[in-house]
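What follows is each chain in one-letter form.
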Amino acid sequence: AVKDLPSIKPTATSAAPSGDADMPIHATAERETSQTIITGGHPYPSGPGVQLTDSTAATGRPISQAARDQVNRSLPPTKDQLDAQKFSSGIADIKGKSDKSTALVKVQPSSSQLIARKASSLPKPQWHPPWKLMRVVSGHHGWVRAVAVEPGNDWFATGSGDRTIKIWDLASGRLKLSLTGHISVVRGLAVSPRHPYLFSVGEDKQVKCWDLECNKVIRHYHGHLSAVHGIDIHPSIDLIVTCGRDATARVWDMRTKAAIFALTGHTNTVATVKCQAVDPQIITGSHDSTIRLWDLAAGRTLTTLTNHKKSIRALTLHPSQFAFASASSDNIKQWKLPNGEFMQNFSGHNGILNCIAVNNDNVAVSGADNGTLHFWDWRTGYNFQKVTTAVQPGSLDSEAGIYAMTFDNSGSRLITCEADKTIKIYKEDDTATEETNPINWKPDIIKRRRY
């Protein structure tokens, strides 16, 4: 290693004059010629076995006191020196001379300052007006377990534990029609956007197609080995997909009643299924706590999402974004399609979540077994409203569960199906403003963790 140091006289017989130590460093440097000192090792001999001579051996040269002081000043302070400086500065603080003392340790920003700085980079939630109960519709004699809105937004259908399907006028809430034919609880409904067909599934293992022009069952789809819990219609192909307690999702040809695929892979009840026009065209959620994205052409799994720790009872597709959400007891999770990348958690809705829905205004709603409704901002996961449903007079407080929900096609009405045998319709509060209902947003950094 070669270091540039102040010059040192080459004489080895006499040391530097005693006055050199008292002289300024720059004066000594000006008086003496600059040299380099070789440190750390010695020259190699000219060949193997050759002894070093006086001319090839490294010789030590005396170093002036001024050079020693300069080297010492350039080195970092030792632990003893730091302790001595801390002790002396502490005494100075006690004596009231802290203004003369120097800060030895740079003060780190506190965790609250770091969180505030981090929070400023997070997107702020969009303001949404609160929702209020608009209408209670009663008529079923059992728990209401399924709901579907007609594409024209004129009426909606509900399925119940009383084994009937009832069709209601959306504007007035009046009963238009009752359909009987199931011999057990009706668990799923879907209205075709291209045909005058209503599809229903139930715990009697049956999948029925109703012709709404004559209000009769015109087709049965046989193949499920146990209760059928969910159904969805493919938006662009004449297919329906059903799922149930036999741990399969089955793809049916709507016209020929042929079973095209039995999608196997789940190890427990498949509780919910959703279809879309682009890959992955089928998404299923199961009580085995996994979500599967399916390749419809091959009839096999594309991706399995294992982030959830509890049963998944509901899925919802965003109407305009290429994303979906899944509801489970541990969390509501938001996913990005087509690959199923995890986006964020909606945390705080404690209970068994049976249903979830989202509209075009980025309002997501989740409903639980304990009768609570939570309203979320889709983009940030901010919970802007919590509602506890009121049971129908004569019902038990325990009959406050919410089993199914959907927005109408305009996104301005929320229809919920409940355990007190009623259907409740919610709408936004037109009188609310940002001043009367401000955003109380406290971002939780921890919720953005991976799982």
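Note: the structure precedes this text.
Attention in this report is confined to the structure presented alongside it. (Residues numbered from 1 in each chain as written. Predicted model: local features only at pLDDT ≥ 70, side-chain atom pairs only at ≥ 80, totals over all residues. Heavy atoms only, no water.)

### Comments concerning the sheet that holds strand β30 (residues 422–428)
Within the open sheet, the 4 strands sit side by side as β3-β30-β29-β28. Their pairing is antiparallel. Lying at the two open borders of the sheet, with one neighbouring strand each, are β3 (131–138) and β28 (402–407). Shown here is a sheet whose adjacent strand axes are inclined to one another by a mean of 25°, direction ignored. (Pairing = 2+ DSSP bridges. Helix = DSSP H or I, 4+ residues; strand = E, 2+ residues; numbered from the N terminus. Axes fitted to C-alpha atoms, helices over the stretch in contact; angles between N-to-C directions.)

### A word on the pattern of salt bridges
Applying the stated criterion to the full structure yields 7 salt bridges. Here Arg194 ties to Asp238 by a salt bridge, and the two come within 2.9 Å at their closest N and O atoms. Taken together, the residues Arg194 in the loop between β8 (186–191) and β9 (197–202) and Asp238 in the loop between β12 (228–233) and β13 (239–244) connect sequence positions 44 residues apart. The partner of Arg250 in a salt bridge is Asp246, and the shortest N-O contact between them spans 3.4 Å. Salt bridges here are not isolated pairs; linked through shared partners, they connect Arg194, Asp238 and Arg255. (Salt bridge = Lys/Arg side-chain N within 4 Å of Asp/Glu carboxyl O.)

### Points about the sheet that holds strand β20 (residues 312–317)
Reading across the sheet, the 4 strands line up as β20-β21-β22-β23 and stay open at both edges, with antiparallel pairing between neighbours. Two strands bound the open sheet, and with one partner strand each, they are β20 and β23 (341–346). Strand-to-strand twist of the sheet, defined as the mean angle between neighbouring strand axes without regard to direction, takes the value 25°. As paired strands, β20 and strand β21 (residues 323–328) are joined by 5 bridges and run antiparallel to one another. Note on β21: the bridge partner recorded for Ile312 is Ser328.

### Some words on the packing of aromatic side chains
Counting across every chain of the model gives 11 aromatic pairs. With a centroid separation of 6.3 Å and an interplanar angle of 90°, the aromatic rings of Tyr197 and Phe199 are classed as edge-to-face. A relative accessible area of 0% places Phe199 in the buried class. Between Phe375 and Phe384, the aromatic rings sit 6.1 Å apart at their centres with planes inclined by 50°, giving tilted as the arrangement. Considered together, Phe375 and Phe384 belong to a single accessibility category, that of buried residues. Among the aromatic residues, those joined into a cluster by ring pairs are Trp131, Phe375, Phe384 and Phe407. One residue, Arg145, lies across the ring of Tyr403, its end atom 4.2 Å from the ring centre. (Phe/Tyr/Trp six-rings, centres within 6.5 Å; stacked < 30°, edge-to-face > 60°. Buried < 20%, exposed > 50% of the residue type's maximum accessible area, 1.4 Å probe, protein only. Lys NZ or Arg CZ within 6 Å of the ring centre and 35° of its normal.)

### Comments concerning the side chain of His224
Positionally, His224 belongs in the loop between β11 (216–220) and β12. Among the polar contacts listed, one links the side chain of His224 to the side chain of Thr242, at a separation of 2.6 Å. At 3.1 Å, the side chain of His224 forms a polar contact with the side chain of Asp246. Once residues lying within four places of it in the same chain are set aside, the contact partners of His224 are Lys205, Val207, Thr242, Cys243, Gly244, Asp246, Thr248, Arg250 and Trp252. (Polar contact = N/O pair within 3.5 Å; in protein donor to acceptor, adjacent residues only side chain to side chain. Contact = heavy atoms within 4.5 Å.)

### Some details on unusual backbone geometry
Between Asp279 and Pro280 the backbone carries a cis peptide bond, its omega angle lying at -5°. One non-glycine residue, Lys205, lies in the positive phi region at around 70°. Given the relative accessible area of 43%, Lys205 is considered partly exposed. Phi angles above zero are rare outside glycine, and Asn215 is one such case at about 55°. With respect to the secondary-structure elements, Asn215 resides in the loop between β10 (207–211) and β11. Asn215 sits in the partly exposed class, given a relative accessible area of 32%.

### Focus on the nonpolar core
Ranked by internal contacts, the top residues of the largest apolar core, which has 15 residues, are Trp131, Val365, Leu373, Phe375, Met405 and Leu414. Broken down by element, the residue count for this core peaks at 3 residues, all from β28. Beyond its immediate stretch of four places on either side in the chain, Phe375 contacts Trp131, Val363, Ala364, Val365, Tyr382, Asn383, Phe384, Gln385, Val387 and Leu414. (Core = buried A, V, L, I, M, F, W, Y, C linked by side-chain atoms within 4.5 Å.)

### Section: the state of the cysteines
The full count for this structure, using the stated rule, is 0 disulfides. With no disulfide of its own, Cys209 has Cys214 as its nearest cysteine by sulfur position, at a separation of 9.8 Å. With no disulfide of its own, Cys275 has Cys243 as its nearest cysteine by sulfur position, at a separation of 9.7 Å. (Disulfide = S-S within 2.5 Å.)

### Looking at the layout of surface pockets
Estimated volume of the largest pocket: approximately 1,600 Å³. Forming the walls of the largest pocket are 50 residues, and the residues nearest its centre are Val147, Asp232, Lys274, Met405 and Thr406. In the lining of the largest pocket, the residues fall into 27 nonpolar, 16 polar and 7 charged. (1 Å grid on protein atoms, 1.4 Å probe; cavity = no way out; pocket = protein on both sides within 12 Å on 5 of 7 lines; lining within 4 Å. Points joined across faces, edges and corners; volume = space filled by probe spheres on them. Nonpolar A, V, L, I, M, F, W, Y, C, P; charged D, E, K, R; others polar.)

### Considering the side chain of Thr290
Position of Thr290 among the secondary structure elements: in the loop between β17 (282–286) and β18 (291–295). Residue classification places Thr290 among the buried residues on the basis of a relative accessible area of 12%. Side-chain polar atoms of Thr290 contact the side chain of Asp288, separated by 2.7 Å. Setting aside residues no more than four positions away along its own chain, Thr290 makes contact with His266, Thr284, Gly285, Thr304, Leu305, Thr306 and Ile312.

### Looking at the pairing of β9
Both faces of the sheet carry side chains from a regular strand, because those side chains alternate between them. For β9, the buried fraction is high: 6 of the 6 residues fall into the buried class. Neither face of β9 is open: one carries Tyr197, Phe199 and Val201, the other Leu198, Ser200 and Gly202, and all of them are buried. Two elements, β8 and β9, share 5 bridges in a ladder whose sense is antiparallel. From the neighbouring strand, Leu189 faces β9, where its bridge partner is Ser200.

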